[in-house]
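Read off the chains here:
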Amino acid sequence: MKNIILLGPPGAGKGTQADLICDLCNVPKISTGDMLREAVASGSALGNEVSNILDSGALVSDEIIGSLIKERLTMPDCENGSLFDGVPRTTGQAQQLADMNIKFTHVIEIHVDDQDIVKRMSGRRVHPGSGRNYHIEYNPPENEGYDDISGEPLIQREDDKPETVLKRLGVYHDQTKPLTDFYTKQSEAGFLKFFRVDGSNTVSGVFESISKQL
Ligand code: AP5
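Conventions and cut-offs
- Residues numbered from 1 in each chain as written.
- Predicted model: local features only at pLDDT ≥ 70, side-chain atom pairs only at ≥ 80, totals over all residues.
- Heavy atoms only, no water.
- Helix = DSSP H or I, 4+ residues; strand = E, 2+ residues; numbered from the N terminus.
- Rg over C-alpha atoms; globule rule 2.2 N^0.38 Å.
- Buried < 20%, exposed > 50% of the residue type's maximum accessible area, 1.4 Å probe, protein only.
- Areas by Shrake-Rupley, 256 points an atom, 1.4 Å probe, with all protein chains shown as cover.
- Lys, Arg positive; Asp, Glu negative; His and termini not counted.
- Charge placed at Lys NZ, Arg CZ, Asp CG, Glu CD.
- Pairing = 2+ DSSP bridges.
- Axes fitted to C-alpha atoms, helices over the stretch in contact; angles between N-to-C directions.
- Contact = heavy atoms within 4.5 Å.
- Near = heavy atom within 4 Å.
- Polar contact = N/O pair within 3.5 Å; in protein donor to acceptor, adjacent residues only side chain to side chain.
- Nonpolar A, V, L, I, M, F, W, Y, C, P; charged D, E, K, R; others polar.
- Phe/Tyr/Trp six-rings, centres within 6.5 Å; stacked < 30°, edge-to-face > 60°.

A few points about the overall build of the chain
Summing up its helical and strand segments, the chain has 9 helices and 7 strands in all. In terms of C-alpha radius of gyration, the chain reaches 16 Å, essentially the compact-globule figure of 17 Å for 214 residues. Taken over the C-alpha atoms alone, the chain extends approximately 45 × 40 × 35 Å along its principal axes. Considering the chain as a whole, with its 214 residues, one finds that 44% of them fall into the buried category. Total accessible area on the chain is roughly 10,900 Å²; 50% of this is exposed by carbon and sulfur atoms. Where the 22 positive side-chain charges of the chain centre and where its 32 negative ones centre are 4 Å apart.

Dropping the structure here:
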């Protein structure tokens, strides 16, 4: 069984690699970002509560994230492990996951320098229905502006504006980056395997580094 965490700054390529890793390891993706955006798109009470937070680049509360994860883990596709994309993001969330008795096997940090992130984000395009990601230059769809699988139009995320990306990077360094020390210690104690990959490589190059370690 593999329970894998993907850590890294906004735009490091977590979502892109998550889809490839899920195919490789045959586990479902648990992306709190995708779940929250789905809630906003559906107009649910949760969506209305978090919509402004997402647009501002701040983090949603640990309580909301904890209950989303708890509910998602009751679904049968998680029985043989899961890939956690962009969660945990705070030490509080890491503690919540530990309290849920999830035994993590791998923690992968995708590293990309801050100056490269803003450039990446401005070129990102997303299929809102599935969360599939493209980049106009580095990972373009077959038909410009349209999803490869559904043929539906792609959009630009509201939180990919340069000023919001800078805010998200600040939040990452303050609240999420400390988790790399937390999981490095767990790795040194033999509880799981922590490794860092260079996310500035090509999509296939990054995936090759990850698959070797998995
Ligand atoms: P979330 O959706 O999780 O956003 P994020 O972590 O900021 O990450 P992104 O989705 O922006 O980037 P990514 O690393 O997945 O990169 P991608 O593969 O898309 O969260 C959004 C918001 O939701 C948060 O700000 C917060 O408000 C809230 N939230 C979510 N989870 C939360 C939690 N646990 N707690 C509290 N709040 C939470 O790639 C980016 C671009 O680069 C794409 O265009 C892609 O095609 C391209 N690209 C990918 N890899 C490469 C490569 N190797 N070379 C060149 N280009 C590449």
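With respect to the sheet that holds strand β7 (residues 193-198)
Strand order across the open sheet formed by 5 strands is β2-β3-β1-β4-β7, with parallel pairing between neighbours. Edge positions in the open sheet fall to β2 (29-31) and β7, since each of these has one partner strand only. Here the strands of the sheet are splayed against their neighbours by 20° on average, with no regard to which way each runs. Across 4 bridges, strand β1 (residues 2-7) lies against strand β4 (residues 106-111) in parallel orientation. When the sheet's bridge partners are listed, L6 is paired in β4 with I108. Running over the sheet, helix α2 (residues 32-42) touches β2 and β3 (81-85) and is turned about 65° from β2.

A few points about the site of the ligand
The full set close to the ligand counts 37 residues, and T16, A58, R89, R124 and R168 are the nearest of them. A12 is positioned such that a nitrogen or oxygen atom in its backbone is 3.2 Å from an oxygen atom of the ligand. Between an oxygen atom of the ligand and a main-chain N or O atom of G13, the distance comes to 3.1 Å. Burial of the ligand by the surrounding chains reaches 97%, relative to a free accessible area of 1,000 Å². For the shell around the ligand, the element with the most residues is α2, which contributes 4 residues. Of the residues contributing to the shell around the ligand, the split by class is 15 nonpolar, 14 polar and 8 charged.

Structural notes on the packing of aromatic side chains
Counted under the stated rule, the structure contains 2 aromatic pairs. Measuring from ring centre to ring centre gives 5.2 Å for F84 and F104, while their planes differ by 80°; the resulting arrangement is edge-to-face. Within this pair, whereas F84 is found in strand β3, its partner F104 is found in the loop between α5 (91-99) and β4, the two being separated by 20 residues in sequence. As far as the burial class goes, F84 and F104 line up, both buried. Ring geometry for F182 against Y183: centres 4.9 Å apart, planes inclined by 75°, an arrangement best described as edge-to-face.

Considering the side chain of T164
Along the polypeptide, T164 turns up in helix α7 (residues 162-176). Owing to a relative accessible area of 9%, T164 belongs among the buried residues under this scheme. Once residues lying within four places of it in the same chain are set aside, the contact partners of T164 are D55, S56, G57 and D159.

Let's talk about unusual backbone geometry
Between V87 and P88 the backbone carries a cis peptide bond, its omega angle lying at 10°. Considering the arrangement of structural elements, one finds P88 in the loop between β3 and α5. Phi is positive for N26, which is not a glycine, with a value near 55°. Within the secondary structure, N26 sits in the loop between α1 (14-25) and β2. Classification of N26 by relative accessible area gives exposed; the value is 69%.

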